[in-house]
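Reading the structure
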Amino acid sequence: DLVSTEVKNDLHILFLNNAPNNLLNGEFLDAIEASCELAQKKGARAILFLSKLKHFSGGADPNFFKKTDLSERDPMRLIKLIESVAVPTVVGINGVAVGGGFELALGCDLIVASKNASIGLVEVSVGLMPLSGGVQRVVQRAGLVRGKEIAMLGRRYDPNTLEKWGVINLVVDDATLHEASIALAQQVANGPTVALKEIKRIANLTACSGIGQADIEMDQSIDMVLRSNDAKSGVDFLSQSKDTISFKGV
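Described in the following lines is the structure provided in the data block. All residue numbers refer to position in the chain's written sequence, counted from 1. Only residues with pLDDT of at least 70 get local features here, since the model is predicted, and only at 80 or more are side-chain atom pairs given and counted; chain-wide, interface and lining totals rely on the full set of residues. To obtain the side-chain values, all non-hydrogen atoms of the structure were included, while hydrogens and water were left out.

A pair is scored as a salt bridge if a Lys or Arg side-chain nitrogen falls within 4 Å of a carboxyl oxygen belonging to Asp or Glu. Summed over all chains, the structure comprises eleven salt bridges. With a closest N to O distance of 2.8 Å, Glu-33 and Arg-77 form a salt bridge. Taken as a pair, Glu-33 in helix α1 (residues 26-41) and Arg-77 in helix α2 (residues 77-83) lie far apart in primary sequence, 44 residues in all. Residues Glu-198 and Arg-201 are paired through a salt bridge, measuring 3.0 Å at the closest nitrogen-oxygen approach. Placement of the pair is Glu-198 and Arg-201 together in helix α8 (residues 193-209), with a separation of three residues, close to one helical turn. Salt bridges linked by common partners bring Asp-30, Glu-33 and Arg-77 together as one network. Helix and strand definitions here come from DSSP, where helices need a minimum of 4 consecutive H or I residues and strands a minimum of 2 consecutive E residues; each element is numbered from the N-terminal end.

In structure tokens:
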């Protein structure tokens, strides 16, 4: 399978397996999209992306650029499908993650990387630019100066540098990447899912449309969260009506 799924409680782990280097093409994106949709239909409270291969992803399949039918050559499809996932998303990067592979990671909410990973937007080295929203998202995360550097110089960066710049969240030893990624993803999967969904929605809205628009949307989020069973359980705990909290994701 191009994408295989492992379920741990309410966490769905999607293993990318498009040998040899997880190059992104239409068929692979179809498999990723179908797996994300199925995970959400089955009640996933978080989704984790990992690679089964030596590298996370070498970017776009070169044949993609030769397609003359624009409907088959929509590079923004990648970021749209990753960011359309309503539940929290986590990614664990091993080996090389460049071009579209890095952009896939940038679409996720939390990024973990093994310390020997090699990460970058390298498209300018072959006369291109990041085509799936990478420029916008590194600028959003790292600021204008560093974002331009990452996209314009086309270098590969070590994870510690990207963590320092605010692009990724956590750097771990290579041997513990899967374990650490699963632990982080499991933490959000065990959390108050309704609240986490609304946090994700408002955070993304703020980044894209500003605080003013996010404030307008807060009424909807507040209503959704306060009506959730998890919030009621939390309030009962605060009022000492309950001794423990157990979030059910509803």
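The next thing to look at is the layout of surface pockets. Volume-wise, the largest pocket comes out at about 530 Å³. Space inside and on the surface of the protein is sampled on a 1 Å grid over the protein atoms alone, with a cavity defined as a set of points where a 1.4 Å probe fits but cannot get out and a pocket as an open set with protein on both sides within 12 Å along at least 5 of 7 lines; lining residues have an atom within 4 Å of a point. In terms of lining, the largest pocket is formed by 32 residues, of which the most central are Gly-59, Ala-60, Phe-64, Phe-65 and Gly-100. Secondary-structure elements contributing two or more residues to the lining of the largest pocket are α1, α2 and α3 (100-106). A per-class count over the lining of the largest pocket returns 14 nonpolar, ten polar and eight charged. Grid points are joined across faces, edges and corners, and a volume is the space filled by probe spheres set on the points. By volume, the second largest pocket amounts to about 460 Å³. Lining the second largest pocket are 19 residues, and of these Cys-108, Asp-109, Lys-200, Ala-203 and Asn-204 lie nearest its centre. At the level of elements, α4 (134-142) and α8 are the ones that each hand at least two residues to the lining of the second largest pocket. Counting residues per element, the lining of the second largest pocket draws most heavily on α8, at seven residues. Under the scheme applied, nonpolar residues are Ala, Val, Leu, Ile, Met, Phe, Trp, Tyr, Cys and Pro; charged residues are Asp, Glu, Lys and Arg; polar residues are all the others, including Gly.

Two rings from Phe, Tyr or Trp (for Trp, the six-membered ring) form a pair when their centres sit within 6.5 Å of each other. Planes less than 30 degrees apart are called stacked, planes more than 60 degrees apart edge-to-face, and all others tilted. Using the criterion set out here, one finds one aromatic pair in the structure. Placement of a charge over a ring requires the Lys NZ or Arg CZ to be within 6 Å of the ring centre, with the centre-to-atom vector within 35 degrees of the ring normal. For the cation-ring pair, Lys-52 lies above Phe-15, with the distance from its terminal atom to the ring centre recorded as 5.9 Å.

This paragraph deals with the pairing of strand β4 (residues 89-93). The rule is simple: take the accessible area with a 1.4 Å probe, protein chains only, and divide by the maximum for that residue type; under 20% is buried, over 50% is exposed, in between is partly exposed. Summarising burial for β4: five of the five residues are buried, a large majority. Neither face of β4 is exposed, since Thr-89, Val-91 and Ile-93 on one face and Val-90 and Gly-92 on the opposite face are all buried. Alignment of strand β3 (residues 46-51) against β4, held across three bridges, turns out to be parallel. By the bridge assignment for β4, Leu-48 is matched with Val-90. Looking at chain direction, β4 and strand β6 (residues 110-114) are connected through four bridges and run parallel. Each bridged residue has a counterpart across the sheet, and for Ile-93 the counterpart in β6 is Ala-113. Should DSSP find at least two bridges between two strands, the strands are taken to pair.

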